[in-house]
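Observations on chain architecture
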Amino acid sequence: MFKAKILFVGPNESGKTVLANFLSDTTETVGGEYRPTQGVRILEFESQPEGSDVKTCEVELWDCSGDFKYESCWPALMKDCSGVAIIFNPDVPSHLKEIETWHSMFISTQSLQDSQCLLIAHHKPGTEVEAGRLPLAPNLSRLPLIHSNLEEEPEDLRHAFYRYLGNVVKAMSESREREEMSIIT
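An account of the accompanying structure is given in this report.

Following the criterion strictly, the structure yields eight salt bridges and no others. One salt bridge connects arginine 158 with aspartate 25, and the closest N-O pair in it is separated by 3.2 Å. Highlighted residues: arginine 158 in helix H5 (residues 154-184) and aspartate 25 in the loop between helix H1 (16-23) and strand E2 (40-47), separated in sequence by 133 residues. When its relative accessible area of 9% is taken as the criterion, arginine 158 is described as buried. Assessed through its relative accessible area of 53%, aspartate 25 is described here as exposed. The partner of aspartate 80 in a salt bridge is lysine 79, and the shortest N-O contact between them spans 3.4 Å. For the pair aspartate 80 and lysine 79, one class covers both residues: exposed.

Shown next, in the form of structure tokens:
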């Protein structure tokens, strides 16, 4: 069985923990009082990635704090990661600038393909979802982007995550095959 380690990173109060809890079926309720993540939380669950030959995948979802005081721990978090999702609130103007920093810290330093990366524009409850183009930096605009709103279309997010997970598993499988071929030849 494939095991995928996915990092959820992004600015403070962007909704990383809410999304991680929802995708891992850890909680039924959306909302509540904000409590910042201390360091990292690791949620483990099984999932069915879409678009890959793998039927079931074991997922380690690393819900990483958005606080820069944990920056010295980030290299350890990135070790052996299969994919990175940058979560941000598109209604907070500073988040659009901050995600460039998250990209340079977590994606540019890894040898991940674009298909192993994901941008999630998470809309908080009560905000309007505008699925139009966001003013993203060129290096971010080539990454897959999904809009999430857990109040209105929660299952759309789940299916988009399963498709993303399928891309991650496919990239992991191709990498494993290349590695095996290099050993044989």
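For the rest of this paragraph, the subject is the sheet that holds strand E3 (residues 57-64). Read from one edge of the open sheet, six strands run E2-E3-E1-E4-E5-E6, paired in mixed fashion. At either end of the open sheet lies a strand with only one pairing partner, and these are E2 and strand E6 (145-148). Each strand axis lies, on average, 25 degrees off the axis of its neighbour in the sheet, ignoring direction. Relative to strand E5 (residues 117-122), strand E4 (residues 83-88) is paired through five bridges, and the arrangement is parallel. Note that in E5 the partner of phenylalanine 88 across the bridge is alanine 121. Contacts from helix H3 (residues 93-106) reach strand E1 (2-9) and E4 within the one sheet, and its direction differs from that of E4 by about 165 degrees. Set on the sheet, H5 makes contact with E1, E2, E3, E4, E5 and E6; between it and E1 the angle comes to about 125 degrees.

What counts and how
Residues numbered from 1 in each chain as written. Predicted model: local features only at pLDDT ≥ 70, side-chain atom pairs only at ≥ 80, totals over all residues. Heavy atoms only, no water. Salt bridge = Lys/Arg side-chain N within 4 Å of Asp/Glu carboxyl O. Helix = DSSP H or I, 4+ residues; strand = E, 2+ residues; numbered from the N terminus. Buried < 20%, exposed > 50% of the residue type's maximum accessible area, 1.4 Å probe, protein only. Pairing = 2+ DSSP bridges. Axes fitted to C-alpha atoms, helices over the stretch in contact; angles between N-to-C directions. Contact = heavy atoms within 4.5 Å.

None of the figures reported here should be taken as evidence of function without further support.
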